[in-house]
Amino acid sequence: MLAGNWKMHKTIAEGKQFINEFLPLVTNETTKDIVLCPTFTSLHVLSNELKGTNVELGAQNVFWEEKGAYTGEISPVMLKDVGCNWVIIGHSERRTVLAENDLTINRKLKAALDTELIPIFCVGETLQERENNRALEVVKEQLTNGLKDLDIKQNGIVIAYEPVWAIGTGINASCTDAQEMIGYIREYLGKIFNEDFAKTIRILYGGSVKPENIAEFMNKEDIDGALVGGASLTPDTFADIVRFDKNV
Ligand code: 13P
């Protein structure tokens, strides 16, 4: 699975232009889930552009209530209505810049699952936490609290391990470090859910993924895909990531 998180980039016209250039480059990539997550304002138009193609639509955030007096929020039902199958939840930028915490993330995950939106649930440690040897502990806590009391069906959720220090910095985690953490996440999910679930759940790596390093990540045993920020903003570059060659 290759997902592009556009963050707060691109107007509608820019999004349309991206899609016109990107789609022809990835038409043969039918065995992969390819997901684009633009801003809310582009969802409707881009949903129409992506209909009948092999590229799906995701949102970057969601609120946990279905409707009501929640100024500025967007509900899971609204995301389904506009054509989203996916939603990023718990991104580190939302945790740090927008004060999200494990409790609100857990509510969002529950609401998304109830609406059959597939969450891309992000976890990851900061540089300080890694340097203090707390990376495992932090990720474990994010998983425990985020997934608390959730009824998750097979293929109903995707986890993205995004070490905060690797996001937008150009410094990706080493493939070995990413594999180690993702292997650990899989093992831990086996403990809190069950072994079968842990074997089949998809776990992505995110943080400075680019065409030059995608194959190395994808060759690792436990890494099932990537959540890509900056490199998903350019059609050629993201297409090169989607079409990665395992033999490189
Ligand atoms: P970059 O690929 O720009 O490092 O961003 C990663 C990310 O945050 C994806 O959600």
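On a predicted model such as this, the values are computed, not experimentally measured, just so you know.

**Observations concerning the UniProt feature "active site" (unreviewed entry) in the protein chain**
Mapped onto this numbering, the UniProt entry annotates "active site" (unreviewed entry) at His91 and Glu162. With the annotated positions falling across 72 residues, the maximum pairwise C-alpha distance of 8.4 Å places them together in a single cluster. Excluding its chain neighbours within four sequence positions, the residues that come into contact with His91 are Asn5, Lys7, Cys122, Glu162 and Ile167. With residues up to four places along the chain from it excluded, the contact list for Glu162 reads His91, Cys122, Val123, Gly124, Ile167, Gly206, Gly207 and Leu227.

**As for the packing of helix H5 (residues 102-114) against helix H7 (residues 135-146)**
One can describe the packing of H5 onto H7 by two numbers: an axis separation of 8 Å at closest approach and a directional angle of 50°. As far as their axial angle goes, H7 and H5 are oblique. Crossing angle aside, the handedness with which H5 passes H7 is right-handed. Two secondary-structure elements touch here, H5 through Asp102, Asn106 and Leu109 and H7 through Glu141, Gln142, Asn145 and Gly146. Its residues placed into classes, the contact of H5 with H7 shows one nonpolar, four polar and two charged.

**Focus on the nonpolar core**
Residues Phe22, Leu147, Ile159, Ile185 and Tyr205 are the most contacted members of the largest nonpolar core, which totals 67 residues. The element that contributes the greatest number of residues to this core is helix H8 (residues 175-192), accounting for eight residues. When neighbours within four sequence positions are excluded, Tyr205 is seen to be in contact with Tyr161, Pro163, Ala166, Asn172, Ala173, Ala178, Ile182, Phe217, Ile223, Gly225, Ala226 and Leu227. Ala3, Cys37, Ile88 and Val158 belong to the second largest nonpolar core, which has twelve residues in total.

Definitions and cut-offs
- Position numbers for residues count from 1 along each chain, tracking the sequence in the order it is written.
- Residues qualify for local features only when their pLDDT is at least 70, as the model is predicted, and side-chain atom pairs are given and counted only at 80 or more; totals for whole chains, interfaces and linings, by contrast, use all residues.
- Side-chain measures were taken over the full set of non-hydrogen atoms in the model, leaving aside hydrogen atoms and water.
- UniProt positions are given in the numbering used here, feature names are shortened, and annotations may be inferred rather than shown by experiment.
- Here, residues are in contact when the closest pair of their heavy atoms is within 4.5 Å.
- To define axes, lines are fitted to C-alpha atoms, for helices over the stretch in contact only, and angles between the resulting N-to-C directions are given on a 0 to 180 degree scale.
- Each helix is a run of H or I in the DSSP string that is no shorter than four residues. Each strand is a run of E no shorter than two, and both are numbered from the N terminus.
- The labels follow the angle: roughly parallel below 35 degrees, roughly antiparallel above 145, roughly perpendicular from 65 to 115, and oblique for the rest.
- Each helix crossing is assigned a hand: it is left-handed if the near helix lies turned anticlockwise from the far helix by less than a right angle, otherwise right-handed if that turn is clockwise.
- Residues are sorted three ways: Asp, Glu, Lys and Arg are charged, Ala, Val, Leu, Ile, Met, Phe, Trp, Tyr, Cys and Pro are nonpolar, and all the rest, Gly among them, are polar.
- The nonpolar core is taken to be a set of buried Ala, Val, Leu, Ile, Met, Phe, Trp, Tyr and Cys residues, with the residues joined through side-chain atoms within 4.5 Å.
- Buried residues are those whose accessible area, probed at 1.4 Å on protein chains only, stays under 20% of the maximum for their type, while exposed residues exceed 50% and partly exposed ones sit between those limits.

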